[in-house]
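If you want the building blocks of each chain, they are given just below.
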Amino acid sequence: MVQRKIEMKLMENKSARLVTFSKRKSGLFKKAMELSILCGVEIGLVVFSVGGKSYSFGHPSIEVVTEKFLRHHGNEPCRGLGEPSSKDDKIDKLNKELEDLKVQLQMEKNKSDILDNALGKNELIKGKSLAASLNLEELNMFKASLEELRADLKLSMSEMEAASSLLLLAEKAV
């Protein structure tokens, strides 16, 4: 059978165009796989159909190839396959968040200690208890501020626990 040369232009027949796309896509992916195996190269292909559906091929994977390309394209040094990935960046970020939360928690504990000391030292004002020296509105405001402090402490503690849990999970995943 004689092969004939096909003129390179958009095919008018839609069904023929879809069949040609499917066959050529498979051939292109097969050639990419052969190139990666025979030459030992990392390769990535992404194809979008007319309908907007995407198809991809990558060796060793499309994610590794695109990450390497983006790093190289951004003038950052390329990492090899065995070197640290973006998981290390995520772990570093989680560690920083954990340290920030620890600092916030310590600040809240310091505020609590200051309030406790103030309550203890000022328990008697001119022979009266603190409660007796404040009117009802001031007592309600004081109570609200103490409840707000308690809520802030609980929130800070839960954030710290969540961050430490995420950190432990991230370290186990690596």
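Residues numbered from 1 in each chain as written. Predicted model: local features only at pLDDT ≥ 70, side-chain atom pairs only at ≥ 80, totals over all residues. Heavy atoms only, no water.

A. Structural context of the overall build of the protein. Helix and strand content of the protein: five helices and four strands. Seen in sequence order, the protein has helices and strands lined up from the N terminus as α-β-β-α-α-β-β-α-α. The proportion of buried residues among the 174 residues of the protein is 16%. The long-range fraction of contacts in the protein, counting pairs at least 24 apart against all pairs at least 6 apart in sequence, stands at 42%. For the protein, the accessible area works out to roughly 14200 Å², and carbon and sulfur atoms hold 59% of it. (Helix = DSSP H or I, 4+ residues; strand = E, 2+ residues; numbered from the N terminus. Buried < 20%, exposed > 50% of the residue type's maximum accessible area, 1.4 Å probe, protein only. Contact = heavy atoms within 4.5 Å. Areas by Shrake-Rupley, 256 points an atom, 1.4 Å probe, with all protein chains shown as cover.)

B. Quick peek at helix H1 (residues 14-39). For H1, which comprises 26 residues, the first-to-last C-alpha distance of 37 Å matches the rise-based estimate of 38 Å (1.5 Å per residue) to within 8%. Every buried residue of H1 is accounted for by Lys-25, Phe-29, Ala-32 and Ser-36. Packing partners of the buried residues in H1 comprise strand E1 (43-48) and strand E2 (54-59). Phi turns positive one or two residues past the end of H1, at Gly-40, with a value near 65°. (Expected span 1.5 Å × (residues − 1).)

C. View of the pattern of salt bridges. Tallying each qualifying case throughout the model produces six salt bridges. One salt bridge connects Glu-34 with Lys-31, and the closest N-O pair in it is separated by 3.8 Å. Separated by three residues within a single helix, Glu-34 and Lys-31 lie in helix H1, roughly one turn from each other. On the basis of relative accessibility, which here comes to 55%, the residue Lys-31 falls in the exposed class. (Salt bridge = Lys/Arg side-chain N within 4 Å of Asp/Glu carboxyl O.)

D. Spatial organisation of the pairing of E2. In the sheet, E1 pairs with E2 via six bridges, with the strands oriented antiparallel. The residue of E2 that forms the bridge with Val-47 is Tyr-55. (Pairing = 2+ DSSP bridges.)

E. Expanded view of the nonpolar core. In terms of nonpolar packing, the biggest core is built from ten residues, these being Ile-91, Leu-94, Leu-98, Leu-101, Leu-105, Leu-149, Leu-153, Met-160, Ala-163 and Leu-167. For this core, the secondary structure elements donating two or more residues are helix H3 (86-121) and helix H5 (136-173). In this view, Leu-105 contacts Leu-153, Ser-156, Met-157 and Met-160; residues no more than four positions away in its chain are not counted. Core analysis: the second largest hydrophobic core is formed by five residues, Phe-29, Ala-32, Val-47 and Phe-57 among them. (Core = buried A, V, L, I, M, F, W, Y, C linked by side-chain atoms within 4.5 Å.)

F. Inspection of the packing of aromatic side chains at higher detail. For the structure on display, the rule yields two aromatic pairs. Ring geometry for Phe-21 versus Tyr-55: centroids 5.9 Å apart, planes at 55°, classification tilted. Taken together, the residues span a long stretch of sequence, with Phe-21 in helix H1 and Tyr-55 in strand E2 at a distance of 34 residues. You can call Tyr-55 partly exposed: its relative accessible area is 24%. (Phe/Tyr/Trp six-rings, centres within 6.5 Å; stacked < 30°, edge-to-face > 60°.)

G. Quick look at the side chain of Ser-156. Mapped onto the secondary structure, Ser-156 falls in helix H5. Discounting residues that sit within four places of it in the chain, Ser-156 has contacts with Leu-105 and Glu-108.

H. Region of interest: the UniProt feature "coiled-coil region" (unreviewed entry) in the protein. Look at the UniProt record and you will see "coiled-coil region" (unreviewed entry) annotated at residues 91-118. The span residues 91-118 shows a helical share of 100% and a strand share of 0%, and its end C-alpha atoms are spaced 40 Å apart. (UniProt positions renumbered as here; feature names shortened; annotations may be inferred.)

I. Region of the structure containing unusual backbone geometry. Cis rather than trans, the peptide bond between His-59 and Pro-60 has omega equal to 10°. Tracing the chain through its elements places Pro-60 in the loop between E2 and helix H2 (62-73).

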